[in-house]
Amino acid sequence: VGNGIGIGNGIVLSIATLITTLFIVFYSYILKYINDLTVKKCECSENWKRDYIKYFSMAAIGVLSVSLLLVYVERLATLPKGLKVFSNVLGGVYFVAFLVFLGVLFSYTRNLSNCETGCKCSEDKMRTVMQYFSALVGGWILVALFHMLIIMIIIQRAHHNRIDI
């Protein structure tokens, strides 16, 4: 009858669905902003970073939508092993591309808003949101990775200093 989920897992699933949906909406706003720059013929915003942001956002909307679909399909039936492996690989590739995206997004929006060489035709609240988003999420990920590294070092030292009797 399917995999079924408990109440606790249902709450986690609902929160994950909400966050994923918010990311899809965010990427849609980024695409709208990039499209607006293109329509305005904002030449000072044209470079490879804008293209990366645009194509990553499109791909991310697709990947996140498929991921949501697979999560809900898996609640009803067991997914084939190959599809699970594909989903895991896709998630890993998405994460690495997302890390690159954060750096590119921060660099791009910072260059657009630079006081000395700023790009006036790119001024928009979305540009500011994109810059803060990339800084906050990037910072959060760095802190999380740093904590993981510290924990790994502590565990390794504890294991190394263990006395076997």
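These numbers were taken from a predicted model, which means no experiment stands behind them. (Residues numbered from 1 in each chain as written. Predicted model: local features only at pLDDT ≥ 70, side-chain atom pairs only at ≥ 80, totals over all residues. Heavy atoms only, no water.)

Caption draft 1: Highlighting the nonpolar core. Counting residues in each nonpolar core, the largest one holds 28 residues, and the members touching the most others are Tyr-27, Ile-30, Ile-53, Tyr-94, Phe-98, Phe-101 and Phe-133. Examining the composition of this core, we find that 8 residues originate from one element, helix 3 (residues 81-112), more than from any other. Once residues lying within four places of it in the same chain are set aside, the contact partners of Phe-133 are Phe-23, Phe-26, Phe-98, Phe-101, Leu-102, Leu-105 and Gly-138. (Core = buried A, V, L, I, M, F, W, Y, C linked by side-chain atoms within 4.5 Å. Buried < 20%, exposed > 50% of the residue type's maximum accessible area, 1.4 Å probe, protein only. Helix = DSSP H or I, 4+ residues; strand = E, 2+ residues; numbered from the N terminus. Contact = heavy atoms within 4.5 Å.)

Caption draft 2: The arrangement of the packing of helix 3 against helix 4 (residues 125-161) in detail. One can describe the packing of helix 3 onto helix 4 by two numbers: an axis separation of 8 Å at closest approach and a directional angle of 140°. Taken together, the axes of helix 3 and helix 4 lie oblique to each other. The handedness of the crossing between helix 3 and helix 4 comes out as left-handed. Residues Phe-98, Leu-99, Phe-101, Leu-102, Leu-105, Phe-106, Thr-109, Arg-110 and Leu-112 of helix 3 touch helix 4, and the partners they reach there are Arg-127, Met-130, Gln-131, Phe-133, Ser-134, Ala-135, Val-137, Gly-138 and Ile-141. (Axes fitted to C-alpha atoms, helices over the stretch in contact; angles between N-to-C directions. Parallel < 35°, antiparallel > 145°, perpendicular 65-115°, else oblique. Left-handed = near helix turned anticlockwise from the far one by under 90°.)

Caption draft 3: View of helix 3. Here helix 3 contains 32 residues, and its C-alpha end-to-end distance of 45 Å stays within 8% of the 46 Å for a straight helix at 1.5 Å per residue. Residues of helix 3 that are buried include every one of Tyr-94, Phe-98, Phe-101, Leu-102, Val-104, Leu-105, Tyr-108, Thr-109 and Leu-112, and no others. (Expected span 1.5 Å × (residues − 1).)

Caption draft 4: Molecular detail of the pattern of salt bridges. Per the counting criterion, the structure on display carries 2 salt bridges. With its nearest N and O atoms 2.8 Å apart, the salt bridge here joins Asp-36 to Lys-32. On the criterion of helical spacing, the pair formed by Asp-36 and Lys-32 is a turn pair, its members being 4 residues apart in helix 1 (residues 7-39). Taking the relative accessible area as the measure of exposure, Asp-36 reaches 29% and is therefore partly exposed. Under the relative-accessibility criterion, Lys-32 is labelled partly exposed at 46%. Glu-123 is the partner of Lys-120 in a salt bridge, and the nearest nitrogen-oxygen pair spans 3.7 Å. For Glu-123, a relative accessible area of 44% corresponds to the partly exposed category. (Salt bridge = Lys/Arg side-chain N within 4 Å of Asp/Glu carboxyl O.)

Caption draft 5: Inspection of the state of the cysteines at higher detail. This model, assessed by the stated rule, comprises 2 disulfides. Each disulfide pairs two cysteine sulfurs, and for Cys-44 the partner residue is Cys-119, the sulfurs being separated by 1.9 Å. Across the S-S bond of Cys-44 and Cys-119 the torsion is about 75°, and the bridge reads as right-handed. Here Cys-44, found in the loop between helix 1 and helix 2 (48-76), pairs with Cys-119, found in the loop between helix 3 and helix 4; they are 75 residues apart in sequence, far enough to count as distant. Taking the relative accessible area as the measure of exposure, Cys-44 reaches 44% and is therefore partly exposed. (Disulfide = S-S within 2.5 Å.)

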